[in-house]
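As a plain string of letters, each chain reads:
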Amino acid sequence: SVSYAANALTPRWSFLAIEQSRPLAVAGFLSQSCFLIAAVLIQSPSQVLWAAGAQVTGETLAALFLLWILLRRCGPLTATFDRSFATRMIRQSWPVTLSLLLGNMIYNFDVVMLGAMGRSVEIGLYLECFRCVTVFTPLLGAFQNAAFPWLARSYPNYAIVRTRVTWLTLAVVVALGAAGLVIGAFARDVLTLLFGPGYGEGARMLQVLVWVLPLQGARALLRQLLLTFHLQHVDTRNLSYGVLTNILLDLVLIPRLGALGCAISTVSAEAVFFASSALAVR
């Protein structure tokens, strides 16, 4: 929970605004390196607190690094409060904040429902299968950060970037689809290698979850495009459709299929989210 403070102090958007992605990449490397070192050093469950401490340390180092770079380039930060600017920021950012909360629901509501419906014994297996998919999240995030500035420069004429968005989206879908095929083909081996023999039974679940990857790739640029064209409220609406799909399918499928039902509902929610984003952009 302490990492929330570090994230609040990180001037990430400042570097996106001035189209400087290198400091962001270095900050991400610092943050993830701290977490990786702790993960390697952990030898027993009693040391698991190290992982949390390493995550907080990494996020703090990243925030301090970006603040240092910003101060060097732009000089001292002023503390003048601009009421009109703050009002505009709140008005424009609340859909983004709501989208973050809704996005977390897609991945966390499944766990809540498994526990509520008496399937808590399957939570660990479901989460470990999900980790094999979320390993691609930082790469997708870096891709979105890199694309955000040139998408913003195209406003208000989408025709300028239409062809590039189409081809880049296709390339990401092919790359993540190929990764999904490989993980799905060796699902049991991947789970056994990473987490031990007891997790091999989650192979079928992982084979379903991997199809989240190409769907996420398909809507990655479309979603960023809506944000850069000041249509964040549309993005929030699209995401709400995905969340509603996830909730309804969880209620129907978990009693019958358990955690496998969660995997199906998550993929379905991503499909609805992508379709809504594509229709909105069109």
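Residues numbered from 1 in each chain as written. Predicted model: local features only at pLDDT ≥ 70, side-chain atom pairs only at ≥ 80, totals over all residues. Heavy atoms only, no water.

Enquirer: Talk me through the layout of surface pockets; I want residue IDs and the actual numbers.
Expert: Its boundaries defined by the atoms lining it, the second largest pocket holds a volume of some 300 Å³. Lining of the second largest pocket is provided by A8, L9, T10, P11, S14, L67, L70, C74 and L77. Where the lining of the second largest pocket is concerned, the elements lending two or more residues are α1 (3-9) and α4 (49-74). Its residues assigned to classes, the lining of the second largest pocket comprises seven nonpolar, two polar and no charged. (1 Å grid on protein atoms, 1.4 Å probe; cavity = no way out; pocket = protein on both sides within 12 Å on 5 of 7 lines; lining within 4 Å. Points joined across faces, edges and corners; volume = space filled by probe spheres on them. Helix = DSSP H or I, 4+ residues; strand = E, 2+ residues; numbered from the N terminus. Nonpolar A, V, L, I, M, F, W, Y, C, P; charged D, E, K, R; others polar.)

Enquirer: Lay out the packing of aromatic side chains in plain terms, naming residues and giving numbers.
Expert: Under the defined criterion, the tally for this structure stands at five aromatic pairs. The interplanar angle of 70° and the centroid separation of 5.5 Å between the aromatic rings of W13 and F148 together place this pair among those described as edge-to-face. Of the two residues, W13 sits in helix α2 (residues 12-17) while F148 sits in helix α7 (residues 137-153), which places them 135 residues apart along the sequence. Centre to centre, the rings of F65 and W68 are 6.3 Å apart; their planes meet at 50°, and the pair counts as tilted. Remark: W68 and F65 occur in helix α4; sequence separation between them is three residues, near one turn of the helix. (Phe/Tyr/Trp six-rings, centres within 6.5 Å; stacked < 30°, edge-to-face > 60°.)

Enquirer: Summarise the environment of V133; cite the residues concerned and give the values.
Expert: Turning to its location among the elements, V133 is positioned in helix α6 (residues 123-134). Considering only alpha carbons, one finds V133 and L231, 98 residues apart in sequence, at a separation of 28 Å. Once you skip the residues sitting within four places of it in the chain, V133 turns out to touch L206, L209, V210, V212 and L213. (Contact = heavy atoms within 4.5 Å.)

Enquirer: I'd love a proper account of helix α12 (residues 232-257), names of residues and values included.
Expert: Between its first and last C-alpha atoms α12 spans 35 Å; for 26 residues at 1.5 Å apiece the expected length is 38 Å, and the two agree. The largest bend along α12 reaches roughly 35° and is located at D250. Looking one or two places after α12, you find G258, whose phi comes out positive at around 65°. (Expected span 1.5 Å × (residues − 1). Bend = angle between axes of the 7 residues up to and from the residue.)

Enquirer: Talk me through the state of the cysteines; I want residue IDs and the actual numbers.
Expert: With the rule as written, the count across this model stands at zero disulfides. C129 takes part in no disulfide bond, and the closest cysteine sulfur to it belongs to C132, at a distance of 6.4 Å. Overall, the relative accessible area of 0% leaves C129 in the buried class. (Disulfide = S-S within 2.5 Å. Buried < 20%, exposed > 50% of the residue type's maximum accessible area, 1.4 Å probe, protein only.)

Enquirer: Tell me what's going on with a nonpolar patch on the surface, and back it up with residues and numbers.
Expert: The grouping of I37, L41, L49 and W50 at the surface amounts to a nonpolar patch, some 460 Å² of accessible area in total. Residue position: L49 is located in helix α4. (Patch = residues over 30% accessible without salt bridge, like charges linked within 9 Å, V, L, I, M, F, W, Y side chains within 5 Å. Areas by Shrake-Rupley, 256 points an atom, 1.4 Å probe, with all protein chains shown as cover. Salt bridge = Lys/Arg side-chain N within 4 Å of Asp/Glu carboxyl O.)

Enquirer: Explain the side chain of E128 to me, using residue names and the numbers behind them.
Expert: You can see E128 is positioned in helix α6. Each residue touching E128, except ones within four places of it in the same chain, is listed here: L191, F195 and Y199.

Enquirer: Residue-level account of helix α11 (residues 212-228), with values.
Expert: Residues lying three or four places apart along an α-helix face the same way, a consequence of the helix completing one turn every 3.6 residues. With 17 residues, α11 should cover 24 Å at 1.5 Å per step; its first-to-last C-alpha distance of 24 Å lies within 8% of that length. Of all the bends in α11, the largest measures some 30° and sits at A220. Across the 17 residues that make up α11, a large majority, 16, are buried. H230 lies just past α11 and shows a positive phi near 60°.

Enquirer: Please provide a residue-by-residue account of the nonpolar core, values included.
Expert: Core analysis: the largest hydrophobic core is formed by 30 residues, its most contacted members being L114, Y126, C129, V133, M205, L206 and L209. Taken together, the elements giving at least two residues each to this core come down to α5 (83-116), α6, α8 (162-185), α9 (187-195), α10 (203-209), α11 and α13 (259-281). The leading source of residues in this core is α6, at seven residues. Apart from residues lying up to four places away in sequence, L209 is in contact with Y126, C129, F130, V133, A263, T266 and V267. One finds W150, Y158, L222 and L225 within the second-largest nonpolar core, a separate group that totals 13 residues. (Core = buried A, V, L, I, M, F, W, Y, C linked by side-chain atoms within 4.5 Å.)

Enquirer: An account of the packing of α12 against α13 is requested, with residue identities and associated values reported.
Expert: Where α12 contacts α13, the axes come no closer than 7 Å and their chain directions differ by 160°. Relative to α13, the element α12 is oriented roughly antiparallel. Between α12 and α13 lies a crossing whose hand is right-handed. In terms of residue class, the contact of α12 with α13 is made up of 15 nonpolar, ten polar and three charged. (Axes fitted to C-alpha atoms, helices over the stretch in contact; angles between N-to-C directions. Parallel < 35°, antiparallel > 145°, perpendicular 65-115°, else oblique. Left-handed = near helix turned anticlockwise from the far one by under 90°.)

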